[in-house]
2 protein chains.
Amino acid sequence: MNHDPSQSNDVSSEDRPWRILGIHHVAFASSDEGPGDALANVLGLRCEHAEEAEGFLEEMIPVGNASLQLLTATGPGTVATYLERRGPGLHHVALLVNDVDAITSDLCARGVDMVDRVPRPGGAGTRIAFAHPRAFGGMLIEFVEES
Amino acid sequence: MNHDPSQSNDVSSEDRPWRILGIHHVAFASSDEGPGDALANVLGLRCEHAEEAEGFLEEMIPVGNASLQLLTATGPGTVATYLERRGPGLHHVALLVNDVDAITSDLCARGVDMVDRVPRPGGAGTRIAFAHPRAFGGMLIEFVEES
């Protein structure tokens, strides 16, 4: 219905030095009682990696080749601020890219509003950069490159 | 850190007649100005399927083997109600399952609070069932079986 066959979904066809490979994870933010127990007990989806970051705990729950990420506020910071403003809920989508440096510098050069103008370390040895939600109509997008 | 190797992430090991295969899509709800244009223009991620449902337009944007789904309210209904309550934002996560009838009846039998106690048709020929967000600590989860 809205499909124009002349438009390819392959971003590499636009001759850019980066590629989006898929959805890496979807994050859910909460204070203490989150979906973790129910995901494990009802669906058998269990945390396989957890680490502390500044102001929050990050837990990764594999689902096929992507993950659900639970962010639990442990102190002041971006997750606590989000919870104050919106309450518990889905927080961001992380897109797996082949080259986070290339996409970050390309987007900065094209005037896209980035939270991280230079990639920084993420969980589990990844390197990440967030775009500002106003760059994508309110959708908070993280770009992730795996090590 | 939080990983117990005795707990497998393979739900089939729990001897249930259904399996979760991966993340099928992540949905974002908005009124009219959503992320669609920016996803296409900035990232080259384009809608490949759109269809009208009752009270909203549903657009699917493939990203690797999953999709971003944009839900745009077109009248009264669940999307409009969500927008009134929370404003634009990430709405739900859809998990791809091998057998939506099996997981729905299993979850109902185990007392899990389901919005759909019987699967119903979803977009693009899928069959779907939503759990109630209170069943998963506030996370709205859809189960999807592809045709």
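As shown above, the structure is provided for reference.
Definitions and limits used
Residues numbered from 1 in each chain as written. Chains lettered and ligands numbered in written order. Predicted model: local features only at pLDDT ≥ 70, side-chain atom pairs only at ≥ 80, totals over all residues. Heavy atoms only, no water. Pairing = 2+ DSSP bridges. Helix = DSSP H or I, 4+ residues; strand = E, 2+ residues; numbered from the N terminus. Contact = heavy atoms within 4.5 Å. Buried area = accessible area lost by both parts, 1.4 Å probe. Salt bridge = Lys/Arg side-chain N within 4 Å of Asp/Glu carboxyl O. Polar contact = N/O pair within 3.5 Å; in protein donor to acceptor, adjacent residues only side chain to side chain. Nonpolar A, V, L, I, M, F, W, Y, C, P; charged D, E, K, R; others polar. Least-squares fit on C-alpha atoms with pLDDT ≥ 70 in both. Buried < 20%, exposed > 50% of the residue type's maximum accessible area, 1.4 Å probe, protein only. Arc of directions from axis to C-beta.

1. Description of the sheet that holds strand β2 (residues 49-53) of chain B
Residue and element names in this part refer to chain B.
Right, so step 1: Within the open sheet, the eight strands sit side by side as β2-β3-β4-β1-β5-β8-β7-β6. Their pairing is mixed. Either end of the sheet is taken by a strand with one partner, and the two such strands are β2 and β6 (120-121).
Right, so step 2: Pairing geometry for β6 and strand β7 (residues 127-130), over two bridges, is antiparallel. Residue pairing across strands places R120 opposite I128, the latter belonging to β7.

2. Remarks on the interface of chain A and chain B
How big an interface is tends to be stated in terms of accessible area lost as the parts join.
Right, so step 1: Across the contact, 62 residues belong to chain A and 63 residues belong to chain B.
Right, so step 2: Regarding the contact of chain A and chain B, the summed buried area is about 4700 Å², with carbon and sulfur atoms giving 62% of it.
Right, so step 3: Linking chain A with chain B are zero salt bridges.
Right, so step 4: Where chain A packs against chain B, one counts eight residue pairs in polar contact (both at pLDDT 80 or more).
Right, so step 5: Its residues placed into classes, the side of chain A that touches chain B shows 34 nonpolar, 18 polar and ten charged.

3. So, the relation of the copies chain A and chain B
Right, so step 1: Aligned on chain B, chain A shows an RMSD of 0.0 Å; the corresponding rotation is 180 degrees and the shift along the axis is 0.0 Å. Here the symmetry operator amounts to a two-fold rotation axis. Every residue of chain A has its C-alpha some distance from the rotation axis, and the shortest such distance is that of L90(A), at 2.8 Å.
Right, so step 2: Residue by residue, 100% of the interface of chain A is reproduced at the interface of chain B, so both copies engage with the same surface.

4. Quick notes on the pairing of strand β5 (residues 89-97) of chain A
Residue and element names in this part refer to chain A.
Right, so step 1: Among the nine residues of β5, nine are classified as buried, and the element is accordingly described as predominantly covered.
Right, so step 2: Sheet analysis places strand β1 (residues 20-30) next to β5, joined by eight bridges and oriented antiparallel. If you follow V26 over to β5, its bridge partner there is V93.
Right, so step 3: Bridge count for β5 against strand β8 (residues 141-145) is four bridges, and the pairing is parallel. Pairing of A94 across the sheet is with E142, part of β8.

5. Here we look at helix α2 (residues 78-86) of chain B
Right, so step 1: Every buried residue of α2(B) is accounted for by V79(B), A80(B), Y82(B) and L83(B). The buried residues of α2(B) occupy one face: seen down the axis, they fall within an arc of 160 degrees. Looking at α2(B), the residues exposed on the side facing more than 90 degrees away from the buried face are T78(B), E84(B) and R85(B).
Right, so step 2: Of the surrounding secondary structure, the elements contacted by the buried residues of α2(B) are α2 (78-86) of chain A together with β1 (20-30), β3 (56-63), β4 (66-73) and β5 (89-97) of chain B.

Everything listed here is a matter of coordinates, which is why it stays silent on function.
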